[in-house]
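# Fold and geometry: a report
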Amino acid sequence: MRKPLLLRGARQVGKSSAVRHLGEQFKHFAEVNFERHKAVKSFFQGDIDVRLIAQEIANYINVPVEAGKTLLFLDEIQECPEAIMALRFFKEDYPELHVVAAGSLLEFTLQELPTFGVGRIHSLFMYPMTFDEFLGANHEEGLMAMRNAADSQHPLDEAFHEKLISLFRIYLLVGGMPEAVATWVKTGDFLRCRSIQEDIVLTYEDDFGKYKKRANPDLLRITMRGVCHQVGEKLTFKQVSSDHQSSQIREALRLLSLAGIVTPVVATSGNGVPLDAEANEKNRKILFLDPGLLLAVLHLEGALSQQLIQQIMEGSPQDLVNKDGLTEMVAGLEIARNKPCVQRPKMFYWEKTGNSVAEIDYLEVMNLTVTPIEVKSGTQGGMKSLWMFMREKHLTEAVRCSLENFGEFDYVDSQDGGLRRHVRVVPLYAVSRLWEV
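Each chain carries its own residue numbering, running from 1 in the direction its sequence is written. Confidence filtering applies because this is a predicted model: local features only for residues at pLDDT of at least 70, side-chain atom pairs given and counted only at 80 or more, and all residues used for totals across whole chains, interfaces and linings. Note that water and hydrogens are dropped before the side-chain values are worked out from all heavy atoms of the structure.

### Some remarks on the overall build of the protein chain
Helix and strand counts for the protein chain stand at 17 helices and 13 strands. Burial here depends on accessible area, computed with a 1.4 Å probe over protein chains only, as a share of the maximum for the residue type. Under 20% is buried, over 50% is exposed, and the range in between is partly exposed. Considering the protein chain as a whole, with its 437 residues, one finds that 54% of them fall into the buried category. Whether two residues touch is decided by their heavy atoms; if any such pair falls within 4.5 Å, the residues are in contact. In the protein chain, of all internal contacts separated by at least 6 residues, the share reaching a separation of at least 24 is 70%. A 1.4 Å probe and the Shrake-Rupley method give the accessible areas. Residues count as covered only by the protein chains that appear here. Of the roughly 19,400 Å² of accessible surface on the protein chain, 48% is carried by carbon and sulfur atoms. The helix count covers DSSP runs of H or I at least four residues long, the strand count covers runs of E at least two residues long, and both are numbered beginning at the N terminus.

### Considerations on the sheet that holds strand β12 (residues 407-413)
By definition, the strands of a sheet pair up through backbone hydrogen bonds, in either a parallel or an antiparallel sense. Here, a strand pair is defined by DSSP locating no fewer than two bridges between the strands. Read from one edge to the other, the open sheet built from eight strands follows the order β7-β6-β8-β9-β10-β11-β13-β12, with strand pairing classed as mixed. Across the chains shown, the open sheet's two edge strands, defined by having one partner strand only, are β7 (279-288) and β12. When strand polarity is set aside, the average angle formed by the axes of neighbouring strands in this sheet is 35 degrees. Relative to strand β13 (residues 419-427), strand β11 (residues 397-402) is paired through six bridges, and the arrangement is parallel. Residue pairing for β13: Arg400 is matched across the bridge by Val425. With axes taken as lines fitted to C-alpha atoms, and helix axes fitted only over the stretch in contact, angles between N-to-C directions fall between 0 and 180 degrees. Docked against the sheet, helix α12 (residues 246-258) engages β6 (262-268) and β7, running at close to 120 degrees with respect to β6.

### Looking at the pattern of salt bridges
Salt bridges are identified by distance alone: a Lys or Arg side-chain nitrogen within 4 Å of an Asp or Glu carboxyl oxygen. Inspection of the entire model under this criterion finds 27 salt bridges. Residue Glu92 pairs with Arg120 through a salt bridge whose shortest N-O separation is 2.4 Å. One end of the pair, Glu92, is in helix α3 (residues 81-93); the other, Arg120, is in the loop between α4 (106-112) and β5 (122-125), with 28 residues separating them in the sequence. Take Glu92: its relative accessible area is 32%, and that puts it in the partly exposed class.

### Comments concerning the state of the cysteines
Here a disulfide denotes one covalent bond, and it connects the sulfur atoms of two cysteines. Cysteine sulfur atoms are paired as a disulfide whenever they fall within 2.5 Å. Here the structure, examined in full by the defined rule, presents zero disulfides. Of all cysteine sulfurs, the one in Cys228 lies closest to Cys193, which takes part in no disulfide; the gap is 18 Å.

### Looking at the sheet that holds strand β2 (residues 28-33)
The sheet built from five strands is open, its strands ordered β2-β3-β4-β1-β5 with parallel pairing. The open sheet has two edge strands, β2 and β5, and neither has a second partner. Strand-to-strand twist of the sheet, defined as the mean angle between neighbouring strand axes without regard to direction, takes the value 20 degrees. The sheet contact formed by strand β1 (residues 5-8) and strand β4 (residues 98-102) spans three bridges and is parallel. Directly across from Leu7, in β4, lies its bridge partner Ala102. Contacts between helix α1 (residues 15-23) and the sheet are confined to β1, β2, β3 (70-75) and β4, with β3 contributing the most and set at about 170 degrees to the helix.

Here it is in structure tokens:
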């Protein structure tokens, strides 16, 4: 039996556009926007008869709603909690009709509902475009095919490798918000993209007024901007705001996470599977929604200069990777968004404090084994934490994500009985293939 589809994700990541594109495959496309068509809310009051509701919608917007021929799209559904509650009945009483729902700040409404049909509704989480999707938007399918044919035994030809690095640098500036990407493809103008990104950031901040029952809008704005100055670092609440209590900032972060604007990367001991069994929620790093939006926030705060843009585009790999944690953040976003999209991704890192300070950027489970992933720029140095972690956890496999070509190398650990440890090198432009190569 077909279940209604509920699209969840931050504002302006392309949910509505994706559904409209899907609607082109149907004879009829019936779209209701609960912010615009406020009268439709009354159809969901009282006893729920979804067949009658579908007919009322058809009459109201003058579009036929026929099973197998129509895609019914309920947009901004957070404005009508009764409609969310009614979705389950489409599965039970009208499964032959194709129904998709989406909304902004939907997670807040879902939290307030006693139930919204778990098991009867299929949820998908949407995010800004990944680097692979960015390549597709730029019509680089041939380049992707070459990349996908490469592996540690068969690295890319240097010309293809350099072109992918160049496109990855552009992605750091343009990001994956669909409107910014479309503008880049059409104009190739960073400044036009930046204007769009700044408008999106300001839209998010305007939305904070809708959170006011839960947190002060000014605190949400301070927290969002404070996070942007600490990407790639363990989050320090005092650096976010010295005028607010840790509990207030923690709640603001929870709300920003619900809104899809940030993703926490939580510290874990990394002793085994599942990783969250030993997670320490008090220690976390934060991934911001999109690299382009991150740079827009920094620009709005006067912290982004033309010099940084030039460094991203022309600087050495070492400059690029180490600058403000940007590349580490994008690697994390790529890891998260190439996981199944049926639930929010859980992200973890490892840290060691005390006399021997060490950190592993990300921990993932591959082949039922904890796998450390380090984001690095070169082949020399910077691996001390990795060897320490692998030795402590008795691991033999690891991954380094960098701007190097595909490759691999072994390390004979004289401190661990000569045990041979193997590291795969996966280029930052190929994180989507992390589980394959």
